[in-house]
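Chains, contacts and geometry: an overview
Chain by chain, the residues:
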Amino acid sequence: MLRTRQVAASPVRSASGTWAVIADLVADTVAQSSALCRDEAVQAMSAAEAVGRMLIAAGHLQQHPITLVAGKVHCEITTVFGTAALTLEENLNPVPGAAGADDFTIHLPSPAPLQEQVKAATDGHARLSDAVPPAPETKAANAGPLIDREALRRAVTQR
């Protein structure tokens, strides 16, 4: 299930402040799972802090999200700058659906000018990746209508 979150950056927050908000969102989402440890998410985000601040300051997170993959949850986190950031209605609550996760990875975007720094950060922690995140899982059962009309028709006919 694909979820998105937008975080207000400059002028609302500095790059460091924006990274702290993103790190808390990731850690709080991971903490929903009894099989995962919030501290491990905090450590991963700490390992990526320097490059994360660079991605924010350079505006890369406006177009290219940080993606948290926790079980079936894919959360894409982007930043909003300028006047749009002043009026943004943020949803900083943990992303629902991660309670059943038994693994997580934080995918960092790797734009051309910062590829070496991103690679160094992702090599520094097992939960960080510079690879393209896997596509969110879609269930064929969810693609159809919510009401099974044939089953309803049979139930009415049998009465």
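Look up a bit, the structure's there.
Read on for a plain summary of the structure. (Residues numbered from 1 in each chain as written. Predicted model: local features only at pLDDT ≥ 70, side-chain atom pairs only at ≥ 80, totals over all residues. Heavy atoms only, no water.)

Quick look at the overall build of the protein chain
A tally of regular secondary structure across the protein chain gives six helices and five strands. Mapped in sequence order, the helices and strands of the protein chain form the string β-α-α-α-β-β-α-β-α-β-α. Classification of the 159 residues of the protein chain by burial places 36% in the buried group. In the protein chain, the share of contacts with a sequence separation of at least 24, taken over all contacts with a separation of at least 6, comes to 74%. (Helix = DSSP H or I, 4+ residues; strand = E, 2+ residues; numbered from the N terminus. Buried < 20%, exposed > 50% of the residue type's maximum accessible area, 1.4 Å probe, protein only. Contact = heavy atoms within 4.5 Å.)

Notes on the packing of helix α1 (residues 15-30) against helix α3 (residues 49-57)
Relative orientation of the contacting elements α1 and α3 amounts to 115 degrees, with a least axis distance of 9 Å. Remark: the crossing between α1 and α3 carries right-handed chirality. Contacts between α1 and α3 involve A15, S16, T18, W19 and I22 from the former and E49, G52, R53, I56 and A57 from the latter. Looking at side-chain class alone, the contact of α1 with α3 contains five nonpolar, three polar and two charged residues. (Axes fitted to C-alpha atoms, helices over the stretch in contact; angles between N-to-C directions. Left-handed = near helix turned anticlockwise from the far one by under 90°. Nonpolar A, V, L, I, M, F, W, Y, C, P; charged D, E, K, R; others polar.)

Re helix α5 (residues 115-123)
Regarding α5, the residues found buried are V118, A121 and T122. The buried side chains of α5 occupy one side of the element, clustering within an arc of 95 degrees when seen end-on. Opposite the buried face of α5, by more than 90 degrees, sit the exposed residues E116, A120 and D123. (Arc of directions from axis to C-beta.)

Brief notes about α1
The end-to-end C-alpha separation of α1 is 23 Å, in line with the 22 Å expected for 16 residues at 1.5 Å each. Among the residues making up α1, those that are buried are T18, W19, V21, I22, A23, L25, V26, A27, T29 and V30. (Expected span 1.5 Å × (residues − 1).)

A few points about the pairing of strand β4 (residues 104-107)
Note on strand geometry: in a regular strand, side chains alternate between the two faces of the sheet. Sheet analysis places strand β2 (residues 66-70) next to β4, joined by four bridges and oriented antiparallel. Looking at β4, one finds that V69 is bridged to T105. (Pairing = 2+ DSSP bridges.)

Concerning the environment of T18
As for its position among the elements, T18 is in helix α1. Taking the C-alpha atoms as reference points, T18 and R53, separated by 35 residues in sequence, lie 8.0 Å from one another.

Focus: the nonpolar core
By size, the foremost hydrophobic cluster in this structure holds 35 residues, and its most contacted members are W19, I22, V26, L68, F104, I106 and L108. Within the residue set of this core, elements represented by two or more residues are α1, α2 (38-47), α3, β2, β3 (73-80), β4 and α5. Every residue in contact with L68, bar those within four places of it in the chain, is listed here: V26, T29, V30, V73, H74, C75, F104, T105 and I106. (Core = buried A, V, L, I, M, F, W, Y, C linked by side-chain atoms within 4.5 Å.)

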